[in-house]
Amino acid sequence: MSAVSTDPADGGEKKWRRRGLAALAILLPLTLAETSYDSVREWLHGDDLIARDVEFGQSVPFGGSEWRLADLRGGKAGRLPDHAFAVIATFAVTVGDPELQKQWLGCKLMLTDAAGRRWLPDFISGVSLPDGVMNCTSAIFSGAKKGEIITVGETFIVPEDAIKTIRPAVGLGSERPWFLRFQRPPK
């Protein structure tokens with residue numbers, strides 16, 4: 001007969017401690033990965049992170065419609081701070097899927113520059129969009145039909161040092177984390 005040891009320093013307790021530590025080393029990273037998965041997914045879908053570059057004049061499918069940069073113009077107009085320019089970017093959009101409220105939710109027109117900076121639309125006193133040009137929100141609720149071409153645009157205030165490298169861009173909730181970044185019109 002063998003005697004059973006009741007000594008706590010016995011190998012059985014040490015074995016269970018090692019197993020517990022090994023399980024902790026495996027389960028802790030898995031738990032962190034599981035709990036952060038939704039946060040990472042939301043982060044990726046909540047911002048425009050990955051650019052799809054588009055040549056000027058090219059139409060690209062995005063959010064169920066075909067987007068093309070129609071015009072990019074700027075200058076000194078309205079009431080602007082020193083060393084700032086007003087810029088108007090307009091896009092010709094051929095509606096594909098007429099459910100714009102679903103496809104274009106979170107529509108965001110913006111300007112980017114070579115340094116990675118971004119500008120969102122801004123109200124400029126004395127500067128307005130040309131006739132027939134809608135902002136994203138107006139376009140979403142316009143009731144546009146499949147095949148209809150609508151013009152979407154915004155006004156921006158951009159610092160003088162960025163004017164030479166700005167590029168218009170479009171982000172849509174249904175396409176995030178991707179966004180379209182258009183080449184400037186040739187001079």
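So, here's what we can say about the structure. For clarity, every value in this text was computed on a predicted model and none was experimentally measured.

Let's shift gears to the pattern of salt bridges. Applying the stated criterion to the full structure yields six salt bridges. The salt bridge partner of Asp53 is Arg181, with a shortest N-O separation of 2.7 Å. One end of the pair, Asp53, is in strand S1 (residues 50-54); the other, Arg181, is in strand S10 (residues 178-182), and 128 residues separate them in sequence. Asp161 is paired through a salt bridge with Arg117; the nearest N and O atoms lie 3.5 Å apart. Of the two residues, Asp161 is situated in the loop between strand S8 (149-159) and strand S9 (167-171) and Arg117 in the loop between strand S5 (108-112) and strand S6 (118-119); the sequence distance between them amounts to 44 residues. What you see here is one network of salt bridges that share partners, running through Asp53, Arg167 and Arg181.

A separate point is the sheet that holds S8. Reading across the sheet, the five strands line up as S2-S3-S4-S8-S7 and stay open at both edges, with mixed pairing between neighbours. Because the sheet does not close on itself, it has two edges, and the strands there are strand S2 (60-62) and strand S7 (133-134).

Evaluation of the coordinates by the stated rule reveals three aromatic pairs. A centroid spacing of 4.9 Å and a plane angle of 40° characterise the contact between Trp67 and Trp104, whose relative ring orientation is tilted. One end of the pair, Trp67, is in strand S3 (residues 65-75); the other, Trp104, is in the loop between helix H2 (100-103) and S5, and 37 residues separate them in sequence. The pair formed by Trp67 and Trp104 is uniform in burial state, with each residue classed as buried. Here the guanidinium or amino end of Arg19 rests over the ring plane of Trp16, the centre of that ring lying 4.8 Å away.

The next thing to look at is the pairing of S9. The buried fraction of S9 is high, at five of five residues. Burial of S9 is two-sided: the residues Arg167, Ala169 and Gly171 facing one way and the residues Pro168 and Val170 facing the other way are all buried. Bridge count for S5 against S9 is five bridges, and the pairing is antiparallel. Residue pairing in the sheet places Lys108 in a bridge with Gly171 of S9. What sits between the antiparallel neighbours S9 and S10 is a turn of six residues.

A word on the environment of Gly57. Looking at the element boundaries, Gly57 is found in the loop between S1 and S2. For the pair Gly57 and Pro186, spaced 129 residues apart in sequence, the C-alpha separation works out to 10.0 Å.

Rules behind the numbers
- Residues numbered from 1 in each chain as written.
- Predicted model: local features only at pLDDT ≥ 70, side-chain atom pairs only at ≥ 80, totals over all residues.
- Heavy atoms only, no water.
- Salt bridge = Lys/Arg side-chain N within 4 Å of Asp/Glu carboxyl O.
- Helix = DSSP H or I, 4+ residues; strand = E, 2+ residues; numbered from the N terminus.
- Pairing = 2+ DSSP bridges.
- Phe/Tyr/Trp six-rings, centres within 6.5 Å; stacked < 30°, edge-to-face > 60°.
- Buried < 20%, exposed > 50% of the residue type's maximum accessible area, 1.4 Å probe, protein only.
- Lys NZ or Arg CZ within 6 Å of the ring centre and 35° of its normal.

Everything listed here is a matter of geometry and, on its own, says nothing about what the molecule does.
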